[in-house]
Structures are given as structure tokens and as C-alpha cells.
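Listed below, chain by chain, are the residues.
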Amino acid sequence: MLKNAAMPNDLDAFWLPFTANRAFKKNPRMISRAKDMHYYTPEGRAILDGTAGLWCSNAGHTRDAIVSAIQKEAANLDFAPSFQFGHPAAFETASRIAALAPGDLDHVFFSNSGSEAVDTALKIAIAYHNVNGNGSRTRLIGRVRGYHGVGFGGISVGGIVPNRKFFGSLLTGVDHLPHTYNRQEQAFTKGEPEWGAHLADDLENIVGLHDASTIAAVIVEPMAGSTGVLPPPKGYLKRLRQICDKYGILLIFDEVISGFGRLGHGFAAERYGVIPDFICFAKGVTSGTVPMGGVIARKGIYDAFMKGPEHMIELFHGYTYSAHPLACAAAIASMNIYRDEKLFENAARLEPIWADAIHSLKGLPNVLDIRTLGLVAGIDLASIPDGVGKRAFNALDHAFQKEGIMIRTAGDTIALTPPLVITENQIDEIVSKVGNTIRAVA
Ligand SMILES: Cc1ncc(COP(=O)(O)O)c(C=O)c1O
């Protein structure tokens, strides 16, 4: 294993995404390899992965079975078009993903990212109404503080202001539900808060304003992640489903981060006993190893398109790399590990241990709230008066440079989402390193 990968001597050309580029290039946080629960810097320093990379690496890093599956497929089938052709692993991957989804969510459309998965679901929802003769149903309803990736569809239904305000007028015909967070009512909750199910009723007001005949779909993350971890209030998602059913509105769950075990189940839909019409997935499907995303649609949605002459394309949508052979190989190998090592069950078993451990940070300087759900935690820190996000940025840098742990931040919230292979000792190590970090940035 190469311990000291050469450091690049020019950091200029790479415009890093969602990054403070000038600060990074002055003081880089460089990673050159990974194994299991750790990253390693080019100097060989171990960094505990508190974030599964970017909520992706659920099986831990560079797992042998996934590595060799990708290597084998690269030598066997480097690319195959999925437009009018197919390769066996694509069908197997779709069946395996559909088998993890509850109810009649049993058809899979592949993309390469979560953003494309969201665009795909929004487009299929509108097209579904169109092929059913309801062409006026085009409006899309998102939620304040929602994150649905960075395509124009995703930022339009999303509700994170900096992701929207620079990019013009976005899609028209979009409205938003209120977010579900209320610190006074919910602070320091483990799991789903008791307060807030009634916020789903706002959908009634939106229907009252626009009329159901103009609304195609509602999209929410079952647990809002990128805005700083907002677990759904008890009963909220069921209520949303009931109101959608009442008005013939399709319900999309964006499970790009909540899927593949993060909340102790294949999908959050199962945890909450709610069957949406679409589930968007990405990230954990390949344990982050090869880009892949997609949408799982209910049988009735797929069937609605299967009419007209059989030589005709039923849905004019797809990506060159939909169901790429390397992604399929990685997905099958990842799902094998999830099944054989019972990693979703492990996440469910660890949830109360994780919650107790993380909530022990209550009382440290500037900690305003802590939320935990599955193997996820959000820790709100008080902002430094002259700059929202500065304290958390300092924490991210200190954590990496001094404590040897990778954390994520959103505003002044620290988000923790470790790989599902984490041990109880490693949970304690996270708490200790994050505790030191919070004290250091006080
Ligand atoms: C809920 C949700 N949807 C969509 C996305 C976008 O995924 P990608 O970055 O793969 O486009 C993300 C990424 O974090 C996400 O959390």
C-alpha cells in the first residue's frame, strides 16, 4: 500500500464543490487512501470517518468484495448502452434494489447521482399525470430546508436559501411546505419528536391555494439531512401520505441519504410504514464506490406508461451511464455485504447506544440542540456573532487537523453519519473527538 502518495504541487485548477476554495488551498485537508472506518492523509495520519464520506460509504472503505467486483467487471464489460440494449447485471441490480423497497415499489430507473434521481422522479411524476390525461397536474411541492441535490429541479423544490438565490428564477409552478423543526418544542430529542405532525396539514392550504388539479407531486426527505438533520415528527409522514391520497397527488421520498441502512432499514419508508409513489436513491447503493443513483417507482406508475405501439419508446428520459456495468457490479457487491453482515440490523441495534453517546455532549459550550436518528446526529452550535457558519467551519478544520476525525457541517450544525460497520468503541471515539473539538472552538 502506498503510504506517502505524492502531494500535488498545484492546487489551482480544481474548483472544489461546496467548498471554501481559498481557505482550503491555504490549508488543505488532503486524503489519499481509505480502509474500513478510516481515511489516511498523504503523510499517513489516520482520520476516523465520522461521515461515511458524504453519507455514502455505508459498508466502510475499500471492502475487498466490492473492489474485486469492480475490477472484474472493468475487465469484462467496460460499458454497455442501456438505450435499446441491456446487460444482465443491470436487471439483477434493479431486482435487488426493488426487493429492498416496501410494497409495490418494484421498478427501478437508473441515474448516476442523487440530483439526477430527483430530476428523474419529478419528470416521471409530471409525465405520469400527462399519460393519464391529467396534463394540468404540473405543480411540484417541496419543503423549506429540503435538500434535493443541485439540478434545477432539485434546487427549485429544495428549500436551502444559498443553494437557490444565486441561480435565477428556477422552475415555475413550485410551492413549499414549512419545515418541521421547532427548537422550543423539540430540543434534545432522541429519535422522532412528538411535536409537529400537524405541519403536514399545510398541504391542505397549498391545495386550497392552487387546486389539486394543478399539483403533480410532493417531494420530501423522510429525514431532512443536509439542512442539519431534522428527524420527522411522529405521524408526520403518514399524514402527508393521507393528504396526497385524498387529492391524487404523488408522493416522492428522497432517500438519497436515508436509504441503504442509515435509519436501520433498507429505506425509511419501511421504518415509517409509509409507501411513497417514488423513492430516490444514490450514495449507499454502491457504498459510494462508483456513482449510481435512481428512482424506484410503484407498479402502477410503470404500468401507466406501458401502452401504445410496442416499438415506441415509452419514456423519453435516460442517461448515457444509466446502469453502468461498474456501478451495477459495485451495487450488487455492496448489497451482498449489507445482507451478509446484517448492516441495516446493526444500525438499528446501535441506534440507542449511538443516541445516548451523542447526547452526552449536551452541556458542552455553545451546544444549543442535539438530534439523533438511526446512525445520524446533528449538533447545533451557537454562531459566532460576526459569521454564521464560522464556528462550525473552525470545528471541521480542527477535527481533521488536530483530532483526526472527519465531520460535516451545515451552517453551524455538525452532522455525524458514520459507516454502518462502526463499533461501540468507535462511537465512543467519535464522541470524545467531537467533544474535544466543540471545546476547542468555544
Ligand atoms: C436528500 C438528498 N437528495 C439528493 C442529493 C444529491 O445527490 P448528489 O450529490 O449525488 O447529486 C443529496 C446529496 O447529499 C441528498 O442528501
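Located above this text is the structure these notes cover.
Described below are features of the structure shown in this document. Just so you know, these numbers come straight off a predicted model, no measurement behind them.

**Examining the sheet that holds strand E15 (residues 413–416)**
Inference 1: Strand order in the open sheet made by the four strands is E11-E12-E15-E14, with antiparallel pairing throughout. Looking at the sheet topology across the chains shown, the edges are occupied by strand E11 (367–373) and strand E14 (408–410). Strand after strand, the sheet turns through a mean of 20° between neighbouring axes, direction not considered.
Inference 2: Bridging between E14 and E15 involves three bridges; their strand directions are antiparallel. In the sheet register, Arg408 faces E15, and the bridge partner there is Ala415.
Inference 3: Together, E11 and strand E12 (376–381) form the strand contacts of helix H13 (residues 343–359), whose direction differs from that of E11 by roughly 175°.

**Notes on H13**
Inference 1: Taking 1.5 Å of rise per residue, 17 residues should cover 24 Å, and H13 covers 23 Å from first to last C-alpha, within 8% of that figure.
Inference 2: In the structure, H13 departs most strongly from a straight axis at Leu350, where the bend amounts to approximately 45° and where the proline Pro352 lies between one and four residues downstream.
Inference 3: Three or more residues of H13 are buried, namely Leu343, Phe344, Ala347, Leu350, Trp354, Ala355 and Ile358.
Inference 4: In this structure, the buried residues of H13 make contact with helix H12 (325–340), E11, E12 and helix H15 (424–440).

**Things to note about the packing of helix H14 (residues 390–403) against H15**
Inference 1: Relative orientation of the contacting elements H14 and H15 amounts to 125°, with a least axis distance of 9 Å. Compared by their axis directions, H14 and H15 come out oblique. In this structure, H14 meets H15 at a crossing whose hand is right-handed. Two secondary-structure elements touch here, H14 through Ala395, His398, Ala399 and Glu403 and H15 through Lys433, Asn436, Thr437, Ile438 and Ala440.
Inference 2: For the contact of H14 with H15, a count of residues per class yields four nonpolar, three polar and two charged.

**Description of the pairing of strand E5 (residues 139–143)**
Inference 1: With five of five residues buried, E5 is to be regarded as a mostly interior element.
Inference 2: Burial along E5 is two-sided: the face carrying Arg139, Ile141 and Arg143 and the face carrying Leu140 and Gly142 are both buried.
Inference 3: Pairing between E5 and strand E7 (residues 215–220): three bridges, direction parallel. Along E7, the bridge assignment pairs Leu140 with Ala217.
Inference 4: Judged from the four bridges that link them, E5 and strand E6 (residues 174–177) form a sheet pairing that is parallel. Bridge pairing in E6 places Ile141 opposite Asp175.
Inference 5: In this fold, E5 hands off to helix H6 (residues 152–157), which returns the chain to E6; that crossover is right-handed.

Conventions adopted
- Residues numbered from 1 in each chain as written.
- Predicted model: local features only at pLDDT ≥ 70, side-chain atom pairs only at ≥ 80, totals over all residues.
- Pairing = 2+ DSSP bridges.
- Helix = DSSP H or I, 4+ residues; strand = E, 2+ residues; numbered from the N terminus.
- Axes fitted to C-alpha atoms, helices over the stretch in contact; angles between N-to-C directions.
- Contact = placed C-beta atoms within 7 Å.
- Expected span 1.5 Å × (residues − 1).
- Bend = angle between axes of the 7 residues up to and from the residue.
- Buried ≥ 20, exposed ≤ 12 C-beta atoms within 10 Å, placed from the backbone.
- Parallel < 35°, antiparallel > 145°, perpendicular 65-115°, else oblique.
- Left-handed = near helix turned anticlockwise from the far one by under 90°.
- Nonpolar A, V, L, I, M, F, W, Y, C, P; charged D, E, K, R; others polar.
- Right-handed = clockwise from strand over helix to strand, strands pointing away.

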